[in-house]
Structures are given as structure tokens and as C-alpha cells.
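# Observations on the three-dimensional arrangement
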Amino acid sequence: MSLCWIESAIFFPLAMAKDGPDWDGLIKWSIAHSDGTPAPRALSSVDVVKRMKEITLVMQTPEQVVEAQGVTSADIEDMLEELQEHVESIDMANDLHSIGGLVPLLGYLNSHAGI
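In this report, the structure presented in the accompanying data block is examined. None of the values given here were measured: they were computed from a predicted structure.

With that settled, the discussion passes to the overall build of the protein. Each helix and strand in the protein was counted, giving seven helices and two strands. For the protein, the succession of helices and strands along the chain, N to C, is α-β-β-α-α-α-α-α-α. Taken across its 115 residues, the protein has 19% of its residues classed as buried. Taken as a whole, the protein presents about 8,800 Å² of accessible surface, with 60% of it coming from carbon and sulfur.

What follows is the structure, encoded as C-alpha cells:
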């Protein structure tokens, strides 16, 4: 019976040597399956709240000023998608309201129905 690649990826590094885990095998496997890029840094809740404040500020800025700064409608949509990802957590949604971001968000969405 042959293992599929995911089973072998999980099983191989955990294979036991005579005296315990095969640490040399684990490091060799890890290096072979690494592309050298660092793992993305998870945002802390402080970073997320700061970012939500920045997005709220953009939504409150007059459209002509935003366009003059080179911000495109695609950039705005990306920010709104990012905001959506953040507020999928109920705690972050509450934070958006606490920082005063909910009213500007709803106002922006009402005035830009095409988004």
C-alpha cells in the first residue's frame, strides 16, 4: 500500500528511529519542503484596529481627494475586502463600531452602491 503525498508528508518526519524521533530526518524533510520565504506575520489585534482606523479615514475622505492621491476604485474595493476579513471576527466587528468606523462604512456603502 502506498501513501499519498500528504500522508507521507505527515508520516515521514514523525517516523521513529531506534532511540526516539528521527530529528535528523525531520530537519532534512523540512529543509527539502521549504521555499525559503518567511512565514507571514500574524497581525495583532492592535495592528488590526489601527488598520481599520486607516480604512475608515479613507472612507471619510472626499472622493476627489482620494482620487488625487492616486487611490483607485480597485484599491478601495481591496480595502473593503480587507475590512470584511477583519470584521468576520465578532470582536473585531465590535472594535470597528467602538472606533467609530461603522457609521462611515455604512455611509460609504450607501453612497457607492456599485461596490
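Roughly 210 Å³ of volume is contained in the largest pocket. Taken together, 14 residues line the largest pocket, and the ones lying closest to its centre are Glu63, Glu67, Ile76, Tyr108 and His112. Among the elements that line the lining of the largest pocket, the one with the most residues is helix α4 (residues 63-68), at three residues.

Scanning all chains against the criterion turns up two salt bridges. What emerges from the salt-bridge pattern is a single network uniting Arg51, Glu54 and Glu82.

This part is about a nonpolar patch on the surface. On the surface, Leu102, Leu106 and Leu109 cluster together into a nonpolar patch covering about 220 Å² of accessible area. As for its placement among the helices and strands, Leu109 is situated in helix α7 (residues 102-111).

Thresholds applied
- Residues numbered from 1 in each chain as written.
- Predicted model: local features only at pLDDT ≥ 70, side-chain atom pairs only at ≥ 80, totals over all residues.
- Heavy atoms only, no water.
- Helix = DSSP H or I, 4+ residues; strand = E, 2+ residues; numbered from the N terminus.
- Buried < 20%, exposed > 50% of the residue type's maximum accessible area, 1.4 Å probe, protein only.
- Areas by Shrake-Rupley, 256 points an atom, 1.4 Å probe, with all protein chains shown as cover.
- 1 Å grid on protein atoms, 1.4 Å probe; cavity = no way out; pocket = protein on both sides within 12 Å on 5 of 7 lines; lining within 4 Å.
- Points joined across faces, edges and corners; volume = space filled by probe spheres on them.
- Salt bridge = Lys/Arg side-chain N within 4 Å of Asp/Glu carboxyl O.
- Patch = residues over 30% accessible without salt bridge, like charges linked within 9 Å, V, L, I, M, F, W, Y side chains within 5 Å.

Spatial relationships are all this shows, so hold off on functional conclusions.
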